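Now for the letters of each chain:
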Amino acid sequence: MRHLRGHILAGVLLVMAAGTAQASDVKIIANPGLADASVSSEDLKGVFLATKTSLANGSHVEPVLLKSGATHEAFLKQFLGKSDSALETYYRSLVFTGKGSMPKTVASDAEMVSYVAKTKGAIGYVSGAAPTEGVKVVEVK
Amino acid sequence: MSKLNITAKIWMSIGVFVLGYVLSTILGQIEGVATESTLRQTSEAIFPAAQKTQEAEAAFQRVVKGFADAVVTQDKGGLDRAAEDGQAMLAALNSVAAIPGLPADRSEQVKHVVQSGGDYLTEAHNLYGSVLADPSSMAQKQDQIRALASYRRSENLAR
């Protein structure tokens, strides 16, 4: 019985560790022109849910999303608290009511880095292992 | 005037009173007829028009709901429901325009709404239908979708 409890505890810890590892595997990146090296999680959520078009310091920002993948799912879960389908429905609703636009989406980390590097105000995310040359890695507080 | 005797003065006073009474009665009658005419127009034209307009507006709200279901939740049945409700809206508006006794300018306004509402239904059905058929095309068509949203806000059926 003790062994069983130990295994269950170890399993739970492993799952929690995996979740943490997945969450930390997402890096928020921005165009190097962004003044701040960090953003608040509220600002980040507001930008990606199209309720904000600028950060607290007044910098105009444009969200860029990955089309799919583990990094995309992890980002949505950790920072937006929505599933991919819920976010899709949310954006469709914004477009239908004329209150917003569909965000720019890219297919891969490389494309994300390339787009964010050359687009003023662009803010996106990549996996933790992705190279981030030409963009600024932003800390989320 | 000072040469008139007291009897003539009394008769003249009575005459003025009677004349005033008659004039007042005639004016009252004319006003009554006008009020009756207004009430008749209200009961026979304006009240039914208001009721039908409310029906049309409710149908329009259902149309928007149907299109929203089709676009936002990808519910194909939403398009069909919107089309049915759209026909109900146009039928209600046409019946408003056909009400006898409705002021001509109001009737013209309703005909204008029928025309623009019909155009909206056709355009929206085609556009949302194409988005429903190919969801990935939404980003390319969002300007047209936004234009339709703007139309919905600007067009007021109750005007």
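**Q** Just give me the short version of the overall build of chain B, but keep the residues and values in it.
**A** Within chain B, the regular secondary structure consists of four helices and zero strands. Each helix (α) and strand (β) of chain B, taken in turn from the N terminus, gives the series α-α-α-α. Its C-alpha atoms give chain B a radius of gyration of 29 Å, clearly above 15 Å, the size a compact globule of 159 residues would have. By its C-alpha atoms, chain B is 105 × 25 × 20 Å across when sized along the principal axes. Every one of the 159 residues in chain B was classed for burial, and the buried ones make up 33%. Taking the intrachain contacts of chain B between residues at least 6 apart in sequence as the baseline, contacts between residues at least 24 apart amount to 65%.

**Q** How would you sum up the interface of chain B and chain A? Please name residues and give values.
**A** The accessible area lost on association of the parts is a frequent measure of interface size. On the chain A side, the residues contacting the 17 residues of chain B number 10 residues. Taking both partners together, chain B and chain A bury about 1,100 Å²; carbon and sulfur atoms supply 62% of that area. The tally of links from chain B across to chain A stands at zero salt bridges. Our count for the chain B to chain A interface comes out at five residue pairs in polar contact (both at pLDDT 80 or more). Mapped by element, the contributors of at least two residues to the side of chain B that touches chain A are helix 1 (6–72), helix 3 (104–133) and helix 4 (138–154) of chain B. No other element matches helix 4 of chain B, which puts eight residues into the side of chain B that touches chain A. The class makeup of the residues in the side of chain B that touches chain A is 12 nonpolar, two polar and three charged.

**Q** An account of the environment of Leu90(B) is requested, with residue identities and associated values reported.
**A** Residue and element names in this part refer to chain B. Here Leu90 lies in helix 2 (residues 76–97). Residue Leu90 is classed as buried on the basis of its relative accessible area of 13%. Residues Leu90 and Val113, spaced 23 residues apart in sequence, show a C-alpha to C-alpha distance of 8.9 Å. In this structure Leu90 touches Val114, Gly117, Gly118 and Leu121, once residues within four positions along its chain are discounted.

**Q** Go over the environment of Val113(A), please, and point to the residues and values.
**A** Residue and element names in this part refer to chain A. With respect to the secondary-structure elements, Val113 resides in helix 5 (residues 109–118). Residue classification places Val113 among the buried positions, given a relative accessible area of 9%. Residues Val113 and Val138, 25 residues apart in the sequence, show an inter-C-alpha distance of 13 Å. Non-local contacts of Val113, meaning those with residues more than four positions away in its chain, are made with Ile29, Val126, Pro131, Glu133 and Val135.

**Q** Outline the nonpolar core, listing residues and values.
**A** With 74 residues, the main nonpolar core has Phe48(A), Phe75(A), Phe67(B), Tyr120(B) and Tyr128(B) as its most contacted residues. Here this core takes 12 residues from helix 1 of chain B, the largest share from any one element. With near-sequence residues (within four places) excluded, Phe48(A) lies in contact with Pro63(A), Val64(A), Leu65(A), Phe75(A), Leu80(A), Tyr91(A), Ile123(A), Gly124(A) and Tyr125(A).

**Q** Tell me what's going on with helix 4 of chain B, and back it up with residues and numbers.
**A** Taking 1.5 Å per residue as the helical rise, helix 4 of chain B with its 17 residues ought to reach 24 Å, and the 23 Å between its terminal C-alpha atoms agrees with that figure. At Gln144(B), helix 4 of chain B is deflected by roughly 35 degrees, the largest bend along its length. Tucked inside the fold, the buried residues of helix 4 of chain B contact helix 4 (84–96) of chain A together with helix 1 and helix 3 of chain B.

**Q** Talk me through the confidence of the model for chain A; I want residue IDs and the actual numbers.
**A** On average, residues of chain A score 84 in pLDDT, and 83% of them are at 70 or above. pLDDT under 50 marks residues 11–23 of chain A. Its contacts with residues more than four places away, or in other chains, come to three contacts.

**Q** Which residues make up the pairing of strand 6 (residues 136–140) of chain A, and what are the values?
**A** All names here are of chain A. Inspection of the sheet shows strand 1 (residues 26–30) paired to strand 6 by three bridges, in the antiparallel sense. When the sheet's bridge partners are listed, Ala30 is paired in strand 6 with Lys136. Examined bridge by bridge, strand 2 (residues 38–39) and strand 6 share two bridges and lie parallel to one another. Within the sheet, the bridge partner assigned to Val39 lies in strand 6 and is Val140.

**Q** Mind laying out the confidence of the model for chain B, listing which residues take part and the relevant values?
**A** Residue and element names in this part refer to chain B. Residues at a pLDDT of 70 or more form 96% of chain B, whose mean pLDDT is 90. When mean pLDDT is compared element by element in chain B, helix 2 scores highest at 94, while helix 4 scores lowest at 86. For this predicted complex, the interface confidence reaches an ipTM of 0.70, while the overall pTM sits at 0.73.

**Q** Just give me the short version of the pattern of salt bridges, but keep the residues and values in it.
**A** Residue and element names in this part refer to chain B. Using the criterion set out here, one finds 10 salt bridges over all chains in the structure. A salt bridge links Arg62 to Asp85; the nearest nitrogen and oxygen atoms lie 3.2 Å apart. On the criterion of sequence distance, the pair formed by Arg62 in helix 1 and Asp85 in helix 2 is long-range, its members being 23 residues apart. Judged by its relative accessible area of 41%, Arg62 is partly exposed. With a closest N to O distance of 3.1 Å, Asp143 and Arg146 form a salt bridge. Separated by three residues within a single helix, Asp143 and Arg146 lie in helix 4, roughly one turn from each other. Via salt bridges that share partners, Lys65, Asp69, Asp75 and Arg81 belong to a single interconnected network.

The rules behind each value
Residues numbered from 1 in each chain as written. Chains lettered and ligands numbered in written order. Predicted model: local features only at pLDDT ≥ 70, side-chain atom pairs only at ≥ 80, totals over all residues. Heavy atoms only, no water. Helix = DSSP H or I, 4+ residues; strand = E, 2+ residues; numbered from the N terminus. Rg over C-alpha atoms; globule rule 2.2 N^0.38 Å. Buried < 20%, exposed > 50% of the residue type's maximum accessible area, 1.4 Å probe, protein only. Contact = heavy atoms within 4.5 Å. Buried area = accessible area lost by both parts, 1.4 Å probe. Salt bridge = Lys/Arg side-chain N within 4 Å of Asp/Glu carboxyl O. Polar contact = N/O pair within 3.5 Å; in protein donor to acceptor, adjacent residues only side chain to side chain. Nonpolar A, V, L, I, M, F, W, Y, C, P; charged D, E, K, R; others polar. Core = buried A, V, L, I, M, F, W, Y, C linked by side-chain atoms within 4.5 Å. Expected span 1.5 Å × (residues − 1). Bend = angle between axes of the 7 residues up to and from the residue. pLDDT = per-residue confidence, 0-100. Pairing = 2+ DSSP bridges.

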